[in-house]
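Chain and residue survey
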Amino acid sequence: MVKRYTTGEPINTEAVVKAVAASDFSDFPFEHKTENGQFVFSFKMADDDIIYGLGEAPRGINKRGWIYQSYCSDDPFHTETKQSLYAAHNFLIFRRYGIFIDFPARIRWDIGYTKADAAEITIDGTDFDIYIIEQDKPVEIVREFREIIGQSYIPPFWAFGYQQCRWSYHNAEAVENVIKNYDRANIPLDCVYLDIDYMERYKDFTINKEAFPNFEDFVADKKARNIHLIPIIDAGVKKEDGYDVYEEGKANGYFCKTADGSDFKGGVWPGIVGFPDFLRKDVREWFGSKYKTLTDMGIDGFWNDMNEPAIFYSEQGLQKALNEAAALKGENLDLGKFFHLKDVFMGLSNSQDDYSSIYHEVDGKRVNHQKVHNIYGASMTKAAGEHFEKTFGKEKILMFSRASYIGAHRTSGIWFGDNHSWWSHILLCLKMLPSANMCGFLYCGADLGGFNENATRDLVLRFLALGAFTPLMRNHSALGTRDQECYRFENAEDFRDIIQARYRLIPYLYRTFRKASEENGMIFRPLSFDYPDDKIARECETQLMLGEECMIAPVYEQNVSGRYVYLPEDMTFVKLSGEKVTKQEFKKGVHYVDIALNEVPLFIKKGKSIELCKPAMRTALLDTENLEYI
Ligand code: GLC
């Protein structure tokens, strides 16, 4: 059963697609009050209550014991002390309730942070809808929630192949080398990414012709070899006279404004940019149609970035900082003055002052950015997704985004942003998978091997062994970090074994993915969803259920030859390594299992089986007819 509690004049985020009659708050199931323009509701938690949800967010599968904020944030340090990542997924499960707050501004979720046994949720406004779903079991809550928000995006089949990214492959030769080296090492590959340097001076929808001469032929050549090139698109449009996208945006008034009605100017990769007002339908149609420049050249996949939006500095913010620095010139900077100056410069990026100075047009009305912050990136992705569906139909174009809000799950996937080459980030990825699934985001994954900092060979292998199950299986690393492509490391055969295992699993993973999308289910579930009365399963945060058949338990620590795993029932322990399959029967209980660096471990439930195909160098070459069953 779903109920919608509505107050004020909510902004239509388009998160919900099914009509739900509005109720007043007389039977709202939680204690609530409106205070200082904020709506606060709370509930008491028993010791053994588990709180699920919040999608892409820091910390555990069980969200208790921390405070979170829904506020899409460009922050590359995903430490456990953070309150937000790039997304705002306002969905929570508490006992028999699913709670979805459809509100595009800031929400604070104090889940046992201030008081261990209490959750207090503060909505920063009084215009919103809260949907309360009541069902017996968490999977049923999720199913009913997903029914009202609509079917999850399904990417093309090839998007389940292995993908290699790097900031950046600077020219055609660099891209070609990646493909050649993967082919030489006999490691399967389906996609190579084009990060910001493929563009001319970081201008969206342009090609750096010096670095990529004959781009169209280049794309066609790769396609003939079953390799898809996936360019990045950033939210900001470079301010440059004569650049058609900027000129059109300016002439038509498509960019976000400041209070005085002039275009807001922020600095990102290209220097000063205009931010398209994606909240306007006409702007979405315009920006969406721009992707045609690249699809006309044979491109069939994109990643949308910097769309929280990330703002390195604003013109006014930078001016203020420079003035402060100039005023201090020649002074003997003591503790107070030095740190103040440092803070002024450090605070330039993604500053609250800047966000507060931006205005949008929503349904003809001027609206401050802070009121709609969390749907900005989702609206950019909607612009692209809607254009693709209209032009090419469903399941044709790969599309995923950094910032997101529920609703965007219908037209795109997400990746979990700029993580680190840290062991702890293998687990962080694992924990976000079921949470993102609850919120409708099925096509997702982390930067495998870690984006920031230098990766080690064993970390990349262990990360890939988890990535062997994530729909998006992409290795990505930042500028200036150690090269992270599989063939860069000694004994590339180990990497081949892991990635071949992935290709063998693709028929099963694809089937599981489609089913989850079509039946509003989850690919990954916490163990507690399936074994609610099993204390150890309820508390497990390092293993996941996968589909109807499997449990996964990746290795997430360095210098170990395996891990402890908890089996809530008898299962078959399976290790995939290249074409090799090893099996061992295990009884319910705790076991230490050996897992070598070149093995992908999984557990199959009694009475279930999964299908495997033979590995191939590309998804297009997989024989999905002749399957072997374990
Ligand atoms: C952002 C993205 C990252 C990309 C970089 C350069 O940090 O999150 O994936 O490589 O920008 O475009």
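Every value quoted in this text rests on a predicted model; they were computed, and no experiment measured them. (Residues numbered from 1 in each chain as written. Predicted model: local features only at pLDDT ≥ 70, side-chain atom pairs only at ≥ 80, totals over all residues. Heavy atoms only, no water.)

Attention shifts here to the domain arrangement of the protein. As assigned here, the protein comprises domain 1 (2-149) and domain 2 (420-630). Measuring from the centre of the C-alpha atoms in domain 1 to the corresponding centre in domain 2 gives 29 Å. Counting residues at the interface gives 28 residues for domain 1, matched by 29 residues for domain 2. Taking both sides of the interface into account, the surface hidden between domain 1 and domain 2 amounts to around 2,200 Å²; carbon and sulfur atoms contribute 63%. Three residues, Y52, I61 and R146, lead the burial of domain 1 against domain 2; their summed loss comes to 30% of the area buried on that side. (Domains from an automatic or database assignment. Contact = heavy atoms within 4.5 Å. Buried area = accessible area lost by both parts, 1.4 Å probe.)

The next thing to look at is the packing of helix 7 (residues 315-327) against helix 8 (residues 335-346). With their axes 9 Å apart at the nearest point, helix 7 and helix 8 run at an angle of 160° to one another. The orientation of helix 7 relative to helix 8 falls into the category roughly antiparallel. When you trace helix 7 past helix 8, the crossing you get is left-handed. In this structure, helix 7 uses A321, L322, E324 and A325 to contact helix 8, whose residues at the interface are H340, L341, V344 and F345. When the residues that make up the contact of helix 7 with helix 8 are grouped by side-chain class, the tally is six nonpolar, one polar and one charged. (Axes fitted to C-alpha atoms, helices over the stretch in contact; angles between N-to-C directions. Helix = DSSP H or I, 4+ residues; strand = E, 2+ residues; numbered from the N terminus. Parallel < 35°, antiparallel > 145°, perpendicular 65-115°, else oblique. Left-handed = near helix turned anticlockwise from the far one by under 90°. Nonpolar A, V, L, I, M, F, W, Y, C, P; charged D, E, K, R; others polar.)

A few words on the site of the ligand. In the neighbourhood of the ligand, 13 residues make up the surrounding shell, with D195, D305, R402, D418 and H476 lying closest. At 2.9 Å, a side-chain N or O of R402 approaches an oxygen atom of the ligand. D418 is positioned such that a nitrogen or oxygen atom in its side chain is 2.5 Å from an oxygen atom of the ligand. When the ligand is considered free in solution it has 310 Å² of accessible area, and contact with the protein chains removes 98% of it. Taken together, the residues of the shell around the ligand sort by class into eight nonpolar, one polar and four charged. (Near = heavy atom within 4 Å. Polar contact = N/O pair within 3.5 Å; in protein donor to acceptor, adjacent residues only side chain to side chain. Areas by Shrake-Rupley, 256 points an atom, 1.4 Å probe, with all protein chains shown as cover.)

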